[in-house]
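One letter stands for each residue in the lines below.
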Amino acid sequence: EPEVTQTPSHQVTQMGQEVILRCVPISNHLYFYWYRQILGQKVEFLVSFYNNEISEKSEIFDDQFSVERPDGSNFTLKIRSTKLEDSAMYFCASSDSDRVSYEQYFGPGTRLTVT
Amino acid sequence: LAKTTQPISMDSYEGQEVNITCSHNNIATNDYITWYQQFPSQGPRFIIQGYKTKVTNEVASLFIPADRKSSTLSLPRVSLSDTAVYYCLVGEVRDDKIIFGKGTRLHILP
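What counts, and where the lines are drawn
- Residue positions are given per chain, counting from 1 as you read along its sequence in written order.
- As a convention, the first chain written is A and the first ligand written is 1, with the rest following in written order.
- Per-residue local features are limited, in this predicted model, to residues with pLDDT of at least 70; the limit for side-chain atom pairs, both in listing and counting, is 80 or more; totals at the level of whole chains, interfaces and linings are taken over all residues.
- Side-chain numbers here rest on the full set of heavy atoms in the structure, without hydrogens or water.
- Here's how the labels work: a residue is buried when its accessible area is under 20% of the maximum for its type, exposed when over 50%, partly exposed in between, all with a 1.4 Å probe on protein chains only.
- The numbering of helices and of strands both runs from the N terminus, where a helix is a DSSP run of H or I of at least 4 residues and a strand a run of E of at least 2.
- Only when DSSP finds a minimum of two bridges between them are two strands counted as paired.
- Each nonpolar core is a collection of buried residues, namely Ala, Val, Leu, Ile, Met, Phe, Trp, Tyr and Cys, held together in the definition by side-chain atoms within 4.5 Å.
- Whether two residues touch is decided by their heavy atoms; if any such pair falls within 4.5 Å, the residues are in contact.
- Throughout, a disulfide means two cysteine sulfur atoms within 2.5 Å of one another.
- Polar contact is the term for a pair of N or O atoms within 3.5 Å; when the atoms are in protein, one must be able to donate a hydrogen and the other to accept it, and sequence-neighboring residues count only if both atoms are side-chain atoms.

Asker: Just checking my understanding: could you explain the pairing of strand β4 (residues 45–50) of chain B for this structure?
Answerer: Remember that side chains alternate between the two faces of the sheet whenever the strand is regular. Residues and elements named next belong to chain B. The buried count for β4 comes to five of six residues, which makes it a mostly enclosed element. The sheet contact formed by strand β3 (residues 31–38) and β4 spans five bridges and is antiparallel. Counted as the bridge partner of Tyr36 is Phe46 from β4. Where β3 folds back on β4, the antiparallel hairpin that results is connected by six residues, among which Ser41 adopts a positive phi of roughly 60°.

Have a look at this one:
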């Protein structure tokens, strides 16, 4: 069964550093998402991406965040200057263009630790 | 998205059938009911989706009464590996963001 993959599984960085989290969505999917989950809290929507542009973003997704689909397979989330409160699990998800389904496929996540 | 209410936590024993009920009094005509499962330290996983009556797949069944103001996720003969958080989502069928609530933390005991 096709799956979403994410790298790295765990990233440790110092406050103020830039990080790039990488995702490979399912190959025929057209809609891409990033979510995050702070330890012990809810999964929170960050951004959705379609047709090479952001469809929607949450209040969390401020100017420090950016997304990119640099080639036909990768989807990245960049945090320019990390803060302690950015420590969380970051999940990438993708879905296809079948508008009958509300199903998004999530990756295993990247645990980001900012020290 | 329609507001949903589900129990914060539930305990059950291996081999039992578990039913998790979700209330969604303000469900709209175009809304579907979707359930996701999240194991510890993993991403959420789609389990089942329905609009009305009953839907069954290899993982679970979803029961939706005629008024659609609630739904029940039924997990047959649970095992320890079914320990997870289960999220009830109600919204229009479209490729859009998912707004997760706190879900129901299901703990299966031996």
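Asker: Would you explain the nonpolar core in this entry?
Answerer: One recurring pattern in soluble globular proteins is that nonpolar side chains are buried together. Trp34(A), Leu46(A), Phe61(A), Val67(A), Phe75(A), Leu77(A) and Tyr90(A) are the most contacted members of the largest nonpolar core, which totals 21 residues. With sequence-adjacent residues up to four places away left out, Phe75(A) is seen in contact with Leu21(A), Arg22(A), Cys23(A), Pro25(A), Phe32(A), Tyr33(A), Trp34(A), Phe49(A), Val67(A), Glu68(A) and Cys92(A).

Asker: Where do I start with the state of the cysteines in this structure?
Answerer: Two cysteines whose sulfur atoms are joined by a covalent bond form what is called a disulfide. Residue and element names in this part refer to chain A. If you walk through the whole model with that rule in mind, you get two disulfides over all chains. The residue that forms a disulfide with Cys23 is Cys92, at a sulfur-sulfur distance of 1.9 Å. Taking the sign of the S-S torsion, about -65° here, the bridge from Cys23 to Cys92 comes out left-handed. Separated by 69 residues along the polypeptide, Cys23 in strand β3 (residues 19–24) and Cys92 in strand β9 (residues 88–95) bring together distant segments of the chain.

Asker: Could you clarify how one ought to interpret the side chain of Gln37(A) in this entry?
Answerer: Relative to the assigned elements, Gln37(A) resides in strand β4 (residues 31–37). Among the polar contacts listed, one links the side chain of Gln37(A) to the side chain of Gln38(B), at a separation of 2.8 Å. Leaving out residues up to four positions away in the same chain, Gln37(A) has contacts with Lys42(A), Val43(A), Ala88(A), Met89(A), Phe91(A), Gln38(B) and Tyr87(B).

Asker: I would appreciate a short explanation of unusual backbone geometry in the present structure.
Answerer: Leave glycine aside and you will find that most residues have negative phi; peptide bonds, for their part, are mostly trans. In the segment running from Thr7(A) into Pro8(A), the intervening peptide bond is cis, with an omega of -10°. Mapping Pro8(A) onto the fold places it in the loop between β1 (5–7) and β2 (10–13). Residues other than glycine seldom take positive phi values, yet Asn51(A) does so here, at roughly 55°. By the element assignment, Asn51(A) lies in the loop between β5 (43–50) and β6 (53–57). Backbone geometry at Thr53(B) places phi at a positive 55°, although glycine is not the residue there. Within the secondary structure layout, Thr53(B) lies in strand β5 (residues 53–56).

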